[in-house]
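Here is how the chains run, residue by residue.
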Amino acid sequence: DQQVKQNSPSLSVQEGRISILNCDYTNSMFDYFLWYKKYPAEGPTFLISISSIKDKNEDGRFTVFLNKSAKHLSLHIVPSQPGDSAVYFCAASRIYGGSQGNLIFGKGTKLSVKP
Amino acid sequence: GAGVSQSPRYKVAKRGQDVALRCDPISGHVSLFWYQQALGQGPEFLTYFQNEAQLDKSGLPSDRFFAERPEGSVSTLKIQRTQQEDSAVYLCASSPSRERPNEQYFGPGTRLTVT
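As the structure is a computational prediction, the values presented were derived from the model and not from experiment. (Residues numbered from 1 in each chain as written. Chains lettered and ligands numbered in written order. Predicted model: local features only at pLDDT ≥ 70, side-chain atom pairs only at ≥ 80, totals over all residues. Heavy atoms only, no water.)

Trainee: I would appreciate a short explanation of the pattern of salt bridges in the present structure.
Mentor: Pairs can form between side chains of opposite charge whenever their charged atoms are close. All names here are of chain B. Throughout the structure, instances matching the rule amount to 5 salt bridges over all chains. The salt bridge partner of D86 is R64, with a shortest N-O separation of 2.8 Å. Taken together, the residues span a long stretch of sequence, with D86 in the loop between strand 8 (75–79) and strand 9 (88–95) and R64 in the loop between strand 6 (53–56) and strand 7 (65–68) at a distance of 22 residues. Each of the two residues, D86 as well as R64, counts as buried. (Salt bridge = Lys/Arg side-chain N within 4 Å of Asp/Glu carboxyl O. Helix = DSSP H or I, 4+ residues; strand = E, 2+ residues; numbered from the N terminus. Buried < 20%, exposed > 50% of the residue type's maximum accessible area, 1.4 Å probe, protein only.)

Trainee: So what exactly am I meant to see when it comes to the sheet that holds strand 1 (residues 5–7) of chain B here?
Mentor: In a beta sheet, neighbouring strands pair by backbone hydrogen bonds and run either parallel or antiparallel. Residues and elements named next belong to chain B. With antiparallel pairing, the 4 strands of this open sheet are ordered in space as 1-3-8-7. Edge positions in the sheet fall to strand 1 and strand 7, since each has one partner strand and no second. Between one strand axis and the next, the sheet turns by 15° as a mean value, whatever way the strands run. Alignment of strand 7 against strand 8, held across 4 bridges, turns out to be antiparallel. The residue of strand 8 that forms the bridge with E68 is T76. (Pairing = 2+ DSSP bridges. Axes fitted to C-alpha atoms, helices over the stretch in contact; angles between N-to-C directions.)

Structure, rendered in structure tokens:
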């Protein structure tokens, strides 16, 4: 039973537009969420994270929004660039009260940004 | 500086063979994680080390899987009597502190194919 779900396997966006990647989770004990980006034949690269005490975190073109009541988070990329084309993984963790920090990943969403 | 490195990058093993996969974490990183990524899936947690201590091995799928980090730096994941279902990419990640174990830096992975 998947605790972190990315229901869209793929997303295609025009260059310059906004990309919105979505993620849902089921375990209310998760208190830290991350997005990773992965190119073929490389390991995932940390992109941005958010603690459960916040509802938004911004870093340049990347913003993550967290809706705890809906157990939903999203990654916004604006403006999207062709170099953003990759697989994006949502991950969740518990850093307070238990876990050592191992990450629970979704299956990923493949983003294609067309010039 | 140097990132996380893994070797070999690709490994083909015949069913029943033993394999050893190596991870060199970023120098000074306290935490080290192993993940298994099957085709079309997100990475799944296998085991966690804090320095040389293996604090969590709950994700290891069977007793054929064994991991060690004897000096708190390099780690080896060993799989005995490989089976076809062991075919996957094995990812190693390290993190600089126990306080922020979630911000993990991944290596490129070892793709294991069991024939």
